[in-house]
Each structure stands twice: as structure tokens, then as C-alpha cells.
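Summary of structural features
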Amino acid sequence: QVTWIRRRDYHILTSGIQTQTLDERFSVVRGKNPDDWLLQIKFVQQRDHGLYECQVPTKTGRNVYQVFLNVVVPKASILGSKELHVQSGSTISLVCVIDGTIAPSPFVFWFHNQKMINYDQQRGGINVVTEHEPSTSTRLTIADATYSDSGNYTCSASNTNSSVNVFVSEG
């Protein structure tokens, strides 16, 4: 029987079509080709990073195939401190950088107090510019800040976000 082993602790994950671990995220998926025994890991986590081994029995012993799983965890960061103080009438400018992605994040959204503002035409004066080289960065600019612009601002991309609190003071 084909066996999948996690090498860091030599834990047998599957043997044949049977799962040998209590972690229900692991299973074997049979491919179209009868020789395909794919290890499936659902809801991959950082701790799944590492070397896995597939052992295939042969008439003269066994063949061993090793696969290294590199788990990439994206991280969003709004540059600067977690609090920004600005005067009424000034411009709020926030820059968010998303690192640790395999490919550039196709969508980055900005939220003010949990309301998306990328396309907020009612407020006006909001501009979002996103660049994808070398990593994804996005700049939120809010012109002519007022007290109602105070609050929590969150930059959100797939599987990651970062927040900052903005305080707009009068005069």
C-alpha cells in the first residue's frame, strides 16, 4: 500500500486509502491514473510546512518520493504607527504593503469603520492607488479630512489585513 509520512515527526498520515492520523485535514485523493495517490491537506496552516514522503511498494522493495511543502502566509502592514493624528482640512494618507504572497494580491480593499470605501463616491475626495511591483502596495488618500473621517481604517487583501486608528481634530 502507498503510504504518506510527515517527516518532521515520522507520523504516518495515510496508508492506502485509510487516513492514519486524527487530524481530519489529511486524506488521500485518487487521481484518474490508478498510480496517482495524492496527499490532500485541507485548510493548510503554517505548521504544515515541511517535508512529506510518499512510499510506494515495488516487487523488489519500495520507491520513496519526497515533497517539500512551503506554506506562504501573506502579511499586510500599514506603514507608520497604529495611530495617526491629523488636523481638520488636511489630507489623510495611508500606505499598506502586502508581503509574503506567491502572486500579487489582485484585490486590496480599504475599510473605514468596517465600511468599504474604495469606491465611496458619496464622500468624495477618496483616492486609492495600488501597485504590484515588487510587492503589492496600496495608498489611500482622503482629501480635506473632517471629524467624521476619524476612526478605524483597515487594509484588507486575501487572508490578511492591517488596521490603524485615525483621529481628526478640529482647527
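As the structure is a prediction and not an experimental result, all values here were calculated from the model.

1. As for the sheet that holds strand β9 (residues 83-87)
Sheets are built from strands that pair by backbone hydrogen bonding, the pairs being arranged parallel or antiparallel. With mixed pairing, five strands are arranged side by side in an open sheet as β9-β16-β15-β11-β12. Pairing within the sheet leaves two strands with one partner each, and these edge strands are β9 and β12 (115-116).

2. Observations regarding the packing of aromatic side chains
How two aromatic rings sit relative to each other is set out by the distance from centre to centre and by the angle between their planes. Taken as a whole, this structure holds one aromatic pair when the rule is applied. A centroid spacing of 6.3 Å and a plane angle of 5° characterise the contact between phenylalanine 107 and phenylalanine 109, whose relative ring orientation is stacked. Of the residues examined, phenylalanine 109 reaches a relative accessible area of 25% and is grouped as partly exposed. The lysine or arginine in question, arginine 30, covers the ring of tryptophan 37, its NZ or CZ lying 3.7 Å from the ring centre.

3. Some words on the sheet that holds strand β6 (residues 50-58)
If you trace the five strands from one edge of the open sheet to the other, you get β3-β2-β1-β6-β7, paired in antiparallel fashion. With one partner strand each, in any of the chains shown, β3 (18-19) and β7 (61-69) form the two edges of the open sheet. With four bridges connecting them, strand β1 (residues 3-6) and β6 associate as antiparallel partners. Paired with tryptophan 4 across the strands is cysteine 54, a residue of β6.

Procedures and definitions
Residues numbered from 1 in each chain as written. Predicted model: local features only at pLDDT ≥ 70, side-chain atom pairs only at ≥ 80, totals over all residues. Heavy atoms only, no water. Pairing = 2+ DSSP bridges. Helix = DSSP H or I, 4+ residues; strand = E, 2+ residues; numbered from the N terminus. Phe/Tyr/Trp six-rings, centres within 6.5 Å; stacked < 30°, edge-to-face > 60°. Buried < 20%, exposed > 50% of the residue type's maximum accessible area, 1.4 Å probe, protein only. Lys NZ or Arg CZ within 6 Å of the ring centre and 35° of its normal.

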